Amino acid sequence: MSRRVFITGGASGLGRGLAERYARAGCRVCIGDVNDARGAETVASLGGEAFYLRCDVRREEDLRAVAAELETRWGGVDVVVNNAGVAGAGAIEDVTLDDWAWIIDINLLGVVRGCRVFTPVFKRQRRGQFINVASMAGLLDVPLMSSYNATKAAVVSLSETLQNELEADGIRVSVVCPSFFRTNLNENVRAADPALRATVDRLLERGALPADEVIDRIFRGVEAGDFYVLPHPQGVRAWRMKRLLPRGAYRAIVRKEYGRMRRSMTRPRAEG
């Protein structure tokens with residue numbers, strides 16, 4: 001029987017790409033999102049038994065309704081991808097506490113809610129898999145993105161904890177940490193400085209790998225049973241440098257990259 005996959009934030013960006021990849025692999029796919037129009041469009045592109053459920057990860061009752069619907073339709077679920085996320089950027093003194101609360105509620109607590117709701121389902125089945133989408137930002141420490149970095153680091157830590165906690169129940173966990181690549185994440189960015197938002201746009205546009213390749217690497221890594229799924233080679237190199245170099249040497253590299261970021265914020269963006 002084909003695997004049953006549920007993906008939050010599945011109507012666009014990385015979520016949609018993963019939905020399409022799982023559908024091509026013969027899986028039954030349900031996408032949860034808050035954009036009904038995009039949800040309908042995505043389901044139409046997936047075909048087969050795919051369907052859409054409106055799901056705001058800030059509302060645990062939405063996720064519980066999804067879990068109940070999947071048990072009714074499919075008799076359960078095999079893979080839950082906690083993907084829905086937003087981004088924030090700005091100096092620590094400029095990012096408001098309201099913006100901190102907003103990004104924590106979605107990026108961190110959205111994943112917590114997904115794991116809370118679906119763990120009992122997986123335990124009853126004695127099997128299941130969580131794929132929690134973090135970011136290289138959760139493993140590194142890019143300046144001017146403290147709220148985003150902190151939430152993604154928390155998703156990494158949560159996933160590491162759950163891997164230990166849930167293994168005896170037959171539940172697998174992977175944490176996905178992509179670098180920047182071309183998606184619609186920039187639609188959901190709150191930036192304290194408009195120039196910084198333009199810098200984030202540039203980073204997304206200049207991603208070293210095309211989206212299809214990133215998604216395929218994620219799919220293959222998860223299928224291989226990897227816990228840390230890091231699809232970008234340059235991200236892997238940066239993470240290794242952080243872990244192996246003395247802190248001072250690593251910080252010198254970060255300062256150099258930070259200088260480039262600050263200079264890019266002062267340059268006008270090319271048109272066309």
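Please read all numbers here as calculations on a predicted model, not as lab measurements.

Chemist: Got a minute to help me understand the pairing of strand β7 (residues 171-176) in this structure?
Modeler: If a strand is regular, its side chains alternate between the two faces of the sheet. By the criterion of burial, β7 is predominantly enclosed, with five of the six residues buried. Inspection of the sheet shows strand β6 (residues 128-133) paired to β7 by six bridges, in the parallel sense. When the bridges of β7 are listed, Ile131 appears paired with Ser174. With respect to chirality, the unit in which β6 leads through helix α5 (residues 146-166) into the neighbouring parallel β7 is right-handed. As paired strands, β7 and strand β9 (residues 228-229) are joined by two bridges and run parallel to one another. Across the sheet, residue Val176 finds its bridge partner in β9, namely Val229.

Chemist: Explanation requested: the packing of aromatic side chains in the structure shown.
Modeler: Each aromatic ring pair is summarised here by two numbers: the centre-to-centre distance and the angle between the ring planes. Under the defined criterion, the tally for this structure stands at six aromatic pairs. On the basis of an interplanar angle of 75° and a centroid distance of 5.2 Å, the ring pair of Tyr22 and Phe219 is categorised as edge-to-face. You can see Tyr22 sitting in helix α1 (residues 13-24) and its partner Phe219 sitting in helix α7 (residues 211-223), a full 197 residues away along the chain. Relative to Tyr228, the ring of Phe227 has its centre 4.7 Å away and its plane inclined at 80°; by these criteria the two rings are edge-to-face. Looking at Phe227, the relative accessible area reads 11%, which means it is buried. The rings of Phe227, Tyr228 and Trp239 are connected pair by pair, giving a single aromatic cluster. Across the ring face of Phe219, the terminal group of Arg21 is positioned such that the distance to the ring centre comes to 3.9 Å. Seen from the ring of Trp239, Arg243 lies directly overhead, with NZ or CZ sitting 4.4 Å from the centre.

Chemist: Just to check I follow, could you spell out the nonpolar core for this structure?
Modeler: Here is a general trend for soluble globular proteins: nonpolar side chains tend to be buried in one another's company. Counting 39 residues, the largest nonpolar core has Phe6, Leu70, Val77, Phe118, Phe130 and Cys177 as its most contacted members. Mapped by element, the contributors of at least two residues to this core are β3 (51-54), α3 (60-74), α4 (97-125), α5, β7, α8 (233-244) and α9 (247-266). Per-element tally for this core: the top contributor is α4, with six residues. Setting aside chain neighbours within four positions, we find Phe6 in contact with Cys30, Ile31, Gly32, Cys55, Leu63, Val66, Leu70, Val77, Val79, Val80, Val81 and Phe118. Counting residues in each nonpolar core, the second largest holds 25 residues, with Ile31, Tyr52, Phe219 and Val222 among its members.

Chemist: Just checking my understanding: could you explain α7 for this structure?
Modeler: Owing to its 3.6 residues per turn, the α-helix brings residues three or four apart onto one side. When the terminal C-alpha atoms of α7 are compared, their 18 Å separation across 13 residues agrees well with the 18 Å that a helix rising 1.5 Å per residue should span. When α7 is considered as a whole, its buried residues turn out to be Val214, Ile215, Ile218, Phe219, Gly221 and Val222. The buried side chains of α7 occupy one side of the element, clustering within an arc of 165° when seen end-on. Residues of α7 that are buried make contact with α1, β6, β7 and β9. Trailing α7 by a residue or two, Gly225 shows a phi angle of about 90°, which is positive.

Chemist: So what exactly am I meant to see when it comes to the environment of Asp56 here?
Modeler: Along the chain, Asp56 falls in the loop between β3 and α3. Under the relative-accessibility criterion, Asp56 is labelled buried at 14%. Along the backbone, Asp56 and Ala84 are 28 residues apart, and their C-alpha atoms lie at a distance of 8.9 Å. If sequence neighbours within four positions are ignored, Asp56 has contacts with Val34 and Asp62. There is a polar contact of 2.9 Å between the side chain of Asp56 and the backbone nitrogen of Arg58.

So, how was this worked out
Residues numbered from 1 in each chain as written. Predicted model: local features only at pLDDT ≥ 70, side-chain atom pairs only at ≥ 80, totals over all residues. Heavy atoms only, no water. Buried < 20%, exposed > 50% of the residue type's maximum accessible area, 1.4 Å probe, protein only. Helix = DSSP H or I, 4+ residues; strand = E, 2+ residues; numbered from the N terminus. Pairing = 2+ DSSP bridges. Right-handed = clockwise from strand over helix to strand, strands pointing away. Phe/Tyr/Trp six-rings, centres within 6.5 Å; stacked < 30°, edge-to-face > 60°. Lys NZ or Arg CZ within 6 Å of the ring centre and 35° of its normal. Core = buried A, V, L, I, M, F, W, Y, C linked by side-chain atoms within 4.5 Å. Contact = heavy atoms within 4.5 Å. Expected span 1.5 Å × (residues − 1). Arc of directions from axis to C-beta. Polar contact = N/O pair within 3.5 Å; in protein donor to acceptor, adjacent residues only side chain to side chain.

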